[in-house]
Amino acid sequence: MAKFPVCILVFLLLQVSSSAQNITLTQDQIKSITPEWKGERSADGRPKVSDKFLERLKHISMEEAWGYLRGKGYQNQYENDWMVIRPDSVMVGRVVTAQYMPLRPDYDKLIREKGKTEGRIGSPNSWPIDVLTNGDVYVADSYGKIVDGTLIGDNLGNAIYAKSHRGVVFYGSVRDVEGLEAIEGFNGWIKGSDPSYIQQMMLVGINVPIRIGRATVLPGDIVLAKKTGTVFVPAALVEDLVMNAEFIQLRDAFGHQRLREGKYTPGQIDQQWSEDIKKDFLQWLDTQKSLPMSRKELDEYMKGRTW
């Protein structure tokens, strides 16, 4: 199973790059693999979902996000069984991807030479960090390597947080976990930790499609990371996912309240609502002092729902 996505990745790089050793996709190439996004983009071409929806996504449960994506046909966007540096916190951000592979000297030489021509500085495992901006999450596939597979320690962890104010999702490992824990606000979803240094690995792509366990991830996706797992949301679906989940939360809050009051039976609440219940719900909304969205957004959203 592990060989299949690597073959697909190599094929993609050969097809979209003018030369196979290119490190990152161009703006136009990133746009070509994210055509459904119609909004603002980052300077590198990645979709730039607004901070407003990133903040609201934090309050969406993993089950709500997963269920929405499954309903849209995206059945391979979730991964779990993580070691989480701060399990009780939530991380949401725009994905910067990186692909690592076992070291092959001739190809690694090409990558390093290409990096020099692009003005990249230092070791290749620091190059993805250099492209991070505020709100980004560094997501890397290092094929689950733990010993000698540590992509960062606390030095690079500090650099990541300084640039992104987020953290990392690594299908691989880190070192200096105690040092990473000392970086206030930094978080990481990793497959393990080890005191060893990175060896016999090479970076082969930045902002290219990657595989994270069960999930396929594109640059500019939005990651929702919680202690139960990570879900990678296509940028074009984030706004509708958030609105859908927030509406369901309101429906559930109304239904639970009315059930406690004994006004309706479970059978009435759990099936398609009658017109009287819908009217009651709208009146109930008027009594709520705090809504997760503006009332204008909610009214517009409800026009397209079948309830």
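None of these values were measured; they are calculated from a predicted model. (Residues numbered from 1 in each chain as written. Predicted model: local features only at pLDDT ≥ 70, side-chain atom pairs only at ≥ 80, totals over all residues. Heavy atoms only, no water.)

A.B. asks: For this particular structure, what's the right way to read the overall build of the protein chain?
C.D. replies: Tallying secondary structure elements over the protein chain gives 12 helices and 13 strands in all. With respect to the three principal axes, the spread of C-alpha positions in the protein chain is 70 × 40 × 35 Å. Out of the 307 residues belonging to the protein chain, those deemed buried represent 48%. Across the protein chain, every contact between residues at least 6 apart in sequence was considered, and the portion connecting residues at least 24 apart equals 75%. Here the protein chain displays about 15,100 Å² of accessible surface, and carbon together with sulfur accounts for 52% of that area. (Helix = DSSP H or I, 4+ residues; strand = E, 2+ residues; numbered from the N terminus. Buried < 20%, exposed > 50% of the residue type's maximum accessible area, 1.4 Å probe, protein only. Contact = heavy atoms within 4.5 Å. Areas by Shrake-Rupley, 256 points an atom, 1.4 Å probe, with all protein chains shown as cover.)

A.B. asks: Before we go on, may I ask you to explain the side chain of Asn125 in this structure?
C.D. replies: Note on placement: Asn125 falls in the loop between helix 5 (105–117) and helix 6 (127–130). A polar side-chain atom of Asn125 sits 2.7 Å from a polar atom in the side chain of Ser123. At 2.9 Å, the side chain of Asn125 forms a polar contact with the backbone oxygen of Leu151. The residues touching Asn125, leaving out its near neighbours within four places in the chain, are Tyr100, Tyr138, Leu151, Leu156 and Ile198. (Polar contact = N/O pair within 3.5 Å; in protein donor to acceptor, adjacent residues only side chain to side chain.)

A.B. asks: Which parts of the structure should I look at to understand the packing of aromatic side chains?
C.D. replies: The relative placement of two aromatic rings is captured by the distance of their centres and the angle of their planes. Counting across every chain of the model gives 10 aromatic pairs. Both rings, one in Tyr138 and one in Phe170, keep their centres 4.9 Å apart while their planes meet at 80°; by these two values the pair is edge-to-face. Residue Tyr138 is located in strand 4 (residues 136–141), and its partner Phe170 is located in strand 5 (residues 168–171); the two are separated by 32 residues in the primary sequence. In this structure an aromatic cluster arises from ring pairing among Phe247, Phe254, Tyr264, Trp273, Phe281, Trp284 and Tyr301. Cation over ring: Arg175 sits above Tyr197, and NZ or CZ is 3.9 Å from the ring centre. Lys191 extends its terminal NZ or CZ atom over the ring of Trp82, reaching a point 4.2 Å from the ring centre. (Phe/Tyr/Trp six-rings, centres within 6.5 Å; stacked < 30°, edge-to-face > 60°. Lys NZ or Arg CZ within 6 Å of the ring centre and 35° of its normal.)

A.B. asks: Looking at this structure, I do not really get the pairing of strand 3 (residues 91–102). What am I missing?
C.D. replies: The two faces of the sheet receive side chains in turn, since in a regular strand these alternate between them. Along strand 3, 11 of the 12 residues are buried, which leaves the element largely enclosed by surrounding structure. Pairing of strand 3 with strand 12 (residues 222–226) involves 4 bridges; the strand directions are antiparallel. Bridge pairing in strand 12 places Met91 opposite Ala225. Both strand 3 and strand 4 contribute to a ladder of 6 bridges, which runs parallel. Opposite Val95, over in strand 4, you have Val137 as the bridge partner. Summarising the sheet, strand 3 and strand 9 (residues 201–206) pair through 5 bridges and their orientation is antiparallel. Note on strand 9: the bridge partner recorded for Gln99 is Gly205. (Pairing = 2+ DSSP bridges.)

A.B. asks: What exactly am I supposed to notice about the environment of Glu181 here?
C.D. replies: Mapped onto the secondary structure, Glu181 falls in helix 8 (residues 177–181). Linking Glu181 and Asp154, residues 27 residues apart in sequence, is a C-alpha distance of 8.6 Å. When near neighbours in sequence (up to four residues on either side) are disregarded, Glu181 contacts Ile85 and Arg86.

A.B. asks: Explain the pattern of salt bridges to me, please; I cannot follow it from the model alone.
C.D. replies: Any two side chains of opposite charge can pair, so long as their charged atoms come close to each other. Scanning the entire structure with this criterion turns up 20 salt bridges. Residue Glu246 is joined to Arg56 by a salt bridge in which the shortest nitrogen-to-oxygen separation is 2.7 Å. In this pair, Glu246 sits in helix 9 (residues 238–261) while Arg56 sits in helix 3 (residues 51–57), placing the two residues 190 residues apart along the sequence. On the accessibility criterion, Arg56 (9% relative accessible area) is buried. Among the salt bridges present, the one from Asp176 reaches Arg175, with a minimum N-O distance of 2.9 Å. Residue class for Asp176 comes out partly exposed when judged on its relative accessible area of 31%. Connected through salt bridges with shared partners, the residues Lys52, Arg56, Glu246 and Glu297 form a single ionic network. (Salt bridge = Lys/Arg side-chain N within 4 Å of Asp/Glu carboxyl O.)

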